[in-house]
Amino acid sequence: MVTRPAVDLCSPCDSLAKNVGTQRFEAGLTEAVQKLSSHYSSTEKEHTFYHSICLETKSHLPEGISLSPHPACSFDGTVHYSFGSAQDLLYPICPYEPGPLFHKYPRKCGLFGVACEGISSQITFLLEESIALGENTDQIVSLLHFFFEHYGLGESHVHLSADSHNGLSKTDCLLQYLSWRVHTRRHLNIKISFVVTGHTRLSCDWFFGLFKRMYRRSRVDCLNDLVRVMTESCPRNIAQKCGTEDGTSLVPFYSWTEFLEPYFHSVIDIAKYQHFQLSHGSSVLTMKESVDSTPRNQVFHRENLAILDPTALPKRIAPTGLSAARQWYLYDEIRSLVNPAFQDLVAPKPSCQRPNQEEREVTRNS
Ligand SMILES: [Zn+2]
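Below, the structure is looked at part by part. Bear in mind that the values here come from a model prediction, so they are computed numbers and not experimental data. (Residues numbered from 1 in each chain as written. Predicted model: local features only at pLDDT ≥ 70, side-chain atom pairs only at ≥ 80, totals over all residues.)

1. Some thoughts on the overall build of the protein
Thinking step 1. Assigned secondary structure in the protein consists of ten helices and eleven strands.
Thinking step 2. The globule rule puts the C-alpha radius of gyration for 366 residues at 21 Å, and the 23 Å found for the protein is close to it.
Thinking step 3. For the protein, the C-alpha atoms occupy an extent of roughly 65 × 60 × 45 Å along the three principal directions.
Thinking step 4. The buried share of the protein, reckoned over its 366 residues, is 37%.
Thinking step 5. Within the protein, contacts between residues at least 6 apart in sequence are counted, and of these 73% link residues at least 24 apart. (Helix = DSSP H or I, 4+ residues; strand = E, 2+ residues; numbered from the N terminus. Rg over C-alpha atoms; globule rule 2.2 N^0.38 Å. Buried ≥ 20, exposed ≤ 12 C-beta atoms within 10 Å, placed from the backbone. Contact = placed C-beta atoms within 7 Å.)

Below, the structure written as C-alpha cells:
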C-alpha cells in the first residue's frame, strides 16, 4: 500500500506529479514516474515507522498511568508523544447567527497539542491572543517544557514526532532544549522524528479535528466556553489555558533560545535530516535523513555546558498584552456580539486612551 497524500500539502508530490504530466517522450516519462514512485516509497516507510513506534511504546506502558506530574525517569521505559499546532480559532462565534461577525476581527486563540498515543490522550494548550507570542520557537519550547513538567509520564526514554511543515518545530533551539533535558537527567534518551507533511496524520491532528468539528456547531463567548467545547468534543482532550482574557499568564514562557545558545552548537544542515537522537552522557547529536539511512554524528555540546547549573531556567518572557488599538476595537466592534454576562471579560472598556484612526487601521489589518 502507498500513502498518497490525503491533502495537497506535500509540495514534492505536487511538483513530481506535474513533472509526470508534462513529459512528452518515453525516457523522460519513465524517469519522472520513477521519481514520484520513489517519493511515495520513502514516505510510506516513514508512515509505517510512525505507526510502529506508537504501537510498540503503547504495549509497554504501566496500567492506569495518566497525564499528570511524575518524577523524572520514574518510569523505566519509552513513551511516544506527537505535537503540533493548529489554525487559530476565533471567538465569540455563534453558528446560528454568523452574519453580525462577517468582516469583524474577534478575539483569536491559538492551539498547540501534545498527544500521548499510548493512553489516547492529549493536552491542548489554548494560546489566547493577549498572552501568545505569535510564531515563536521560545513559545513552542516553553509549552513542551510545561507539558513534560506537569503532564509527562516520568519516562526515561522519549520518542517525539512532529510535522516537518512547521519550520518553527525543527530548530536548533528545540534540539538544544531536548539535549538540555537529557544532559540534566530529566530523561536518559530522546529521539525526535519529523513526519512528511500530507502523508502521515499525527494523533494531535485527530484531536484538533474532533475539537474543530464541535467548535463549528457551538456558541462560544469566552475562553472557558472553548474549554467546555474541547471537553465535550473528547474527554481525553484536556484543555490547558496558557492565560486568560485579561492577559494573566498561567503557563510561563521562557527565553530558551538566548539561554541555550551559549552551551550548544548549531545543527549543520538541519533541514536535510528528519530523525535526531540525544543520549545522556554523550555530547553528540545523531541524525538521519530517513528512517533507514546511515546516521551521522555531530558534536553538539560546547565545553562550558559542564558548568551549567542543572536547576537553572531561562528568563521569563512577560506577555505584552493587547495593544490599545486592539482593546478599543474589541470594545467598539465586538462587545455587543458577546453574551452580556461575558462582555466585561472578553471586550471590557479599556482603561487606556483611545488611539487615533491610523493606529486603528493597523489593528484591523494585522
Ligand atoms: Zn508527497
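Text resumes after the structure shown.
2. Quick notes on the packing of helix α1 (residues 11-22) against helix α2 (residues 26-58)
Thinking step 1. For the pair α1 and α2, the least separation of the axes is 8 Å and the interaxial angle reads 160 degrees. As the angle between them shows, α1 and α2 are arranged roughly antiparallel. Regarding α1 and α2, the two cross each other, and that crossing is left-handed. Where α1 abuts α2, its residues Pro12, Cys13, Leu16, Ala17, Asn19 and Val20 lie against Leu29, Ala32, Val33, Lys35, Leu36 and His39.
Thinking step 2. Here the residues of the contact of α1 with α2 are counted per class, giving nine nonpolar, two polar and one charged. (Axes fitted to C-alpha atoms, helices over the stretch in contact; angles between N-to-C directions. Parallel < 35°, antiparallel > 145°, perpendicular 65-115°, else oblique. Left-handed = near helix turned anticlockwise from the far one by under 90°. Nonpolar A, V, L, I, M, F, W, Y, C, P; charged D, E, K, R; others polar.)

3. Quick notes on unusual backbone geometry
The general pattern is negative phi for most residues beyond glycine and trans for most peptide bonds.
Thinking step 1. Residue Pro92 is bonded to the preceding Tyr91 through a cis peptide linkage, with omega at 5 degrees.
Thinking step 2. The backbone of Ser120 shows a phi angle near 45 degrees, a positive value even though the residue is not glycine.
Thinking step 3. With respect to the helices and strands, the residue Ser120 is situated in the loop between β2 (107-116) and β3 (121-128).
Thinking step 4. Ser120 gets classed as partly exposed once you count the C-beta atoms within 10 Å, which come to 14.

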